[in-house]
Amino acid sequence: MIMKTIPSTPLILKRAGLGLLALCAAVLTGCGGGGGEGAGLTVGFAQAGAESAWRRAETASIKDEAGKRGVNLRFSDAQGKQENQIAAVRDFIAQGVDAIILAPIVETGWDDVLGEAKDAGIPVVLVDRGVDVGDDSIYATLIASDFVAEGKMAGEWLFKKSGGKARIIELEGTPGAAPAIDRKKGFDDVIGQHAGMEIIASQSGDFNIEKGKEVMEALLAKHAGEVTVVYAHNDDMALGAIQALEAAGKKPGEEVIVISIDGGKAALTALVEGKMNCVVECLPLLGPNAFDAVETIRAGGTLPKWQKVDDQLFDADNTDAAFAENRPY
Ligand code: GZL
C-alpha cells in the first residue's frame, strides 16, 4: 500500500491552532468563514458515533474545518451501528453530494455501498479507521494512524518499565474495528516475545468509559490478586478502569500500571497525577487533512491509499501539567 506520512502533533496542532485563531478573527471581523477552496461544495460526513472524547474531537475538527472552508456539511451520527452508517452513505449518494467522508465503525461490510458511491462518481475519503474490501479503488484515501505501531509502542514501553514481568488485563475496543484489531495485534505480538509477560484477561469495553469501568470491575473480581498492568485500547476505557481500581482499593499508576492510547487531556492529566503511566497519542484533529483530500480529488489529483498520521508516546519523562492542560481535545 502506497503511504504518505502526515506530520505529527506539533504541525497538525499548530495548523488547528492557527485555524482556530483565523476562525475567531473571521467571526470578530465579520469576514471570512465562507472562503476557502471548498466553498460551495456539499460533503456528507458519516460519523461512527460519539462513544469517546476522541470521537467527539474528531467530529468537532471536521465540522470546524468545513465552516472555515465554506463547505456545506451534511452530518450523520450512526450511534455505533454499521447499518445506520451504510444507510447514511446511501442517503448522501441519493442527495448527489460532491464527496463523502467516512469513519467506518468496523472493517468489513463496505464493498457494496462504497461500490455504489464509486458508480455514482462520488469520491470517498476514509478517516481514522480502515476497511477490508476486495477492490480498494472504491475509496480515494485513508487518513489514519498506524494502530499496530501504537500497540507495539505500548508493549515495548511496558517491557522496559516492567523488566519483562507483567500480568496484564487488556481492555479491547469495539469488536471488528480496525483500531481494536490492530492495537491488540501490535501489543500482543510484543508480549508474546517475553515469557514473564502474560495477558491474563482480554475483553471489549467498546471504547467507552462506562463499559470500560464495568468490564474492569468484573475482571478485578477474578484477577485482583494477580493483575499488575491494565492496557486499554483508548483513554476512555483506561479512565473507567482507573475508577474501578480505586473502588477496589487499589492504587492505579502505582500498584497497577495503566497504559492507554489516544492522548487526550483527561488521560494526560491522569498521567501527571500519577494514576496513568503511559499514553500513546492518536490524533483526532483530521479535519484539515480530510478536506485537503477532498479538494485534491475534486481538482483531479491522486492520493496515496494510506496517509499515515504519525503518533508519539507520553509518560512521566515528557509530560507535565502545562502540557496536559494545553491539549486541544
Ligand atoms: C482511532 C479511533 C478510536 C479511538 C477511540 O482512530 O477510531 O475510536 O482510539 C475512538 O477513542 O472511540
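Here's what I pulled together on the structure shown here. Treat the numbers as computed from the prediction; the structure is a model and nothing was measured. (Residues numbered from 1 in each chain as written. Predicted model: local features only at pLDDT ≥ 70, side-chain atom pairs only at ≥ 80, totals over all residues. Heavy atoms only, no water.)

### So, the sheet that holds strand β6 (residues 141-145)
Paired through backbone hydrogen bonds, the strands of a sheet run either parallel or antiparallel to each other. Ordered in space as β1-β12-β6-β5-β4-β2-β3, the seven strands form an open sheet in which the pairing is parallel. Edge strands, defined here as strands with exactly one partner in the open sheet, are β1 (3-6) and β3 (72-77). Pairwise comparison of adjacent strand axes, ignoring direction, gives a mean angle of 20° for this sheet. Bridge count for strand β2 (residues 42-47) against strand β4 (residues 99-102) is four bridges, and the pairing is parallel. (Pairing = 2+ DSSP bridges. Helix = DSSP H or I, 4+ residues; strand = E, 2+ residues; numbered from the N terminus. Axes fitted to C-alpha atoms, helices over the stretch in contact; angles between N-to-C directions.)

### Concerning unusual backbone geometry
Non-glycine residue Asp128 carries a positive phi angle of around 70°. Take Asp128: it is sitting in the loop between β5 (124-127) and β6. One non-glycine residue, Asp262, lies in positive phi territory at about 140°. Within the fold, Asp262 resides in strand β10 (residues 257-262). Accessibility expressed as a relative area gives 4% for Asp262, which makes it buried. (Buried < 20%, exposed > 50% of the residue type's maximum accessible area, 1.4 Å probe, protein only.)

### A look at the packing of aromatic side chains
A full pass over the atoms with the stated rule returns three aromatic pairs. Ring centres 5.6 Å apart and planes at 55° place the aromatic pair Phe45 and Phe75 in the tilted group. On the criterion of sequence distance, the pair formed by Phe45 in strand β2 and Phe75 in strand β3 is long-range, its members being 30 residues apart. You can call Phe45 buried: its relative accessible area is 0%. Ring geometry for Phe187 against Tyr231: centres 3.8 Å apart, planes inclined by 15°, an arrangement best described as stacked. (Phe/Tyr/Trp six-rings, centres within 6.5 Å; stacked < 30°, edge-to-face > 60°.)

### Some details on the sheet that holds strand β13 (residues 313-315)
Strand order in the open sheet made by the six strands is β8-β7-β9-β10-β11-β13, with mixed pairing throughout. Only two strands of the sheet have a single partner each, and these edge strands are β8 (197-204) and β13. Each neighbouring strand pair of the sheet contributes to a mean axis angle of 20°, computed without reference to strand direction.

### Looking at the nonpolar core
The nonpolar side chains of a soluble globular protein tend to be buried, and buried together. In this structure, Ile101, Val127, Leu158 and Ile259 are the most contacted members of the largest nonpolar core, which totals 44 residues. Considering each element in turn, this core owes the most residues, five residues, to helix α10 (residues 287-298). For Ile259, the residues in contact, after removing those within four places along its chain, are Ala154, Trp157, Leu158, Val229, Val230, Tyr231, Ala232, Ala238 and Cys278. (Core = buried A, V, L, I, M, F, W, Y, C linked by side-chain atoms within 4.5 Å. Contact = heavy atoms within 4.5 Å.)

### Side note on helix α8 (residues 235-247)
Relative to the 18 Å expected for 13 residues at 1.5 Å per residue, α8 spans 18 Å between its end C-alpha atoms, a close match to the ideal helical length. Along α8, ten of the 13 residues are buried, which leaves the element largely enclosed by surrounding structure. For α8, the complete set of buried residues consists of Asp235, Asp236, Met237, Ala238, Leu239, Gly240, Ala241, Ile242, Ala244 and Leu245. Two residues or fewer after α8 comes Gly249, characterised by a positive phi angle close to 80°. (Expected span 1.5 Å × (residues − 1).)

### A short note on the packing of helix α5 (residues 147-162) against helix α6 (residues 178-191)
Two measures define how a pair of helices packs: the angle their axes make with one another and the distance between the axes. Close contact between α5 and α6 brings their axes to 7 Å; oriented N to C, the two are set at 35°. Crossing handedness for the pair α5 and α6: right-handed. Every residue of α6 that contacts α5 at Phe147, Val148, Glu150, Gly151, Lys152, Ala154, Gly155, Glu156 and Leu158 is listed here: Ala178, Pro179, Asp182, Arg183, Gly186, Phe187, Val190 and Ile191. The residue makeup of the contact of α5 with α6, split by class, is nine nonpolar, three polar and five charged. (Left-handed = near helix turned anticlockwise from the far one by under 90°. Nonpolar A, V, L, I, M, F, W, Y, C, P; charged D, E, K, R; others polar.)

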